[in-house]
Amino acid sequence: MEKSMVAPDKELRIYGNEVYIRPITVEDTDMVLGWRNSKRTVENFFYRKPISREEHLDWIENKVNKGLVHQFVVCSIKDDTPMGVVYLQHFDENANKMESGVFMSENAPSGRGIATEAVKLLVYDYGFKVLGLHKQFARVLGSNEASKRLHIKAGFKEEGYATDDMFLDGKYVDVVTYGVINPEEK
């Protein structure tokens, strides 16, 4: 399948058992910033830095709408409640792999595998089947046990451990890299 660099149609829906993912919109900005900039997410998120509304709007306009980033809101099938965000990011427009990530609302149900299901939808149903990508990878803070478990349950395998990676907040941390290959291309 040819890899697409075009942002998905706004009406695209990808369904799982409990959640579906839909493309992010400008109207989602304030809600998503509330999740992305929460203390828990900033402490555990790879980039470790709150972002402004202007940065997020610029992200949508210059990356999401150009197909360099594919960002989705995770919603409950039961009642359409938004619960989090999953995304894929190209580092090289010609690369056949992308980095995936997820952050959830602090009110999202825990212990039910909601975030794991959303990541699986993102990777297997969207990244591999829709975009035709070969590989997904994720960087996880070494101290973030919940994120490590999430990626393992979603089928990712540990690929490496890096110490002293410097983040946007200027701190050095340990990072675990995970990857998963498109099963149809093995």
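Our structure is the block above this text.
Quick summary incoming for the structure in this document. (Residues numbered from 1 in each chain as written. Predicted model: local features only at pLDDT ≥ 70, side-chain atom pairs only at ≥ 80, totals over all residues. Heavy atoms only, no water.)

Let's shift gears to the pairing of strand 2 (residues 19-23). Of all five residues making up strand 2, five are buried, and the element is well covered by its neighbours. On strand 2, burial covers both faces: V19, I21 and P23 on one face and Y20 and R22 on the other are all buried. Across two bridges, strand 1 (residues 14-15) lies against strand 2 in antiparallel orientation. Each residue of the ladder has a partner; that of I14, found in strand 2, is I21. Between strand 1 and strand 2, which follow one another and run antiparallel, lie three residues. Where strand 2 lies against strand 3 (residues 69-76), five bridges are found, and the strand directions are antiparallel. Bridge assignment links R22 to a residue of strand 3, and that residue is V73. (Buried < 20%, exposed > 50% of the residue type's maximum accessible area, 1.4 Å probe, protein only. Helix = DSSP H or I, 4+ residues; strand = E, 2+ residues; numbered from the N terminus. Pairing = 2+ DSSP bridges.)

This model, assessed by the stated rule, comprises three aromatic pairs. When the ring of Y15 is compared with that of Y20, the centres are 5.3 Å apart and the planes differ by 45°; the resulting orientation is tilted. Relative to Y126, the ring of F72 has its centre 4.7 Å away and its plane inclined at 75°; by these criteria the two rings are edge-to-face. Of the two residues, F72 is situated in strand 3 and Y126 in helix 4 (residues 114-128); the sequence distance between them amounts to 54 residues. The buried category is assigned to F72, whose relative accessible area is 0%. Residue classification places Y126 among the buried residues on the basis of a relative accessible area of 1%. (Phe/Tyr/Trp six-rings, centres within 6.5 Å; stacked < 30°, edge-to-face > 60°.)

Turning our attention to the pairing of strand 5 (residues 97-104). By the criterion of burial, strand 5 is predominantly enclosed, with seven of the eight residues buried. Taken together, the six bridges between strand 4 (residues 82-89) and strand 5 define a ladder with antiparallel strand orientation. Bridge pairing in strand 5 places G84 opposite M104. Where strand 5 and strand 6 (residues 135-141) come together, three bridges link them in parallel fashion. By the bridge assignment, M98 is partnered in strand 6 with Q136. Once you follow strand 5 into helix 4 and on to strand 6, the crossover reads as right-handed. (Right-handed = clockwise from strand over helix to strand, strands pointing away.)

Next up on the list: the environment of L121. Following the sequence through the fold, L121 ends up in helix 4. Judged by relative accessible area, which is 6%, L121 ranks as buried. Sequence spacing of L121 and Y15 is 106 residues, and the spatial spacing of their C-alpha atoms is 7.4 Å. Other than its neighbours up to four places away in sequence, L121 contacts I14, Y15, G16, V19, Y20, I21 and Y126. (Contact = heavy atoms within 4.5 Å.)

Below, the discussion takes up the layout of surface pockets. Its volume calculated, the largest pocket comes out at about 840 Å³. In terms of lining residues, the largest pocket is bounded by 34 residues, among which M104, A115, A146, S147 and L150 are the most central. Elements represented by at least two residues in the lining of the largest pocket include exactly helix 2 (39-44), strand 5, helix 4, strand 6 and helix 5 (145-153). Partitioned by chemical class, the residues of the lining of the largest pocket number 15 nonpolar, 12 polar and seven charged. (1 Å grid on protein atoms, 1.4 Å probe; cavity = no way out; pocket = protein on both sides within 12 Å on 5 of 7 lines; lining within 4 Å. Points joined across faces, edges and corners; volume = space filled by probe spheres on them. Nonpolar A, V, L, I, M, F, W, Y, C, P; charged D, E, K, R; others polar.)

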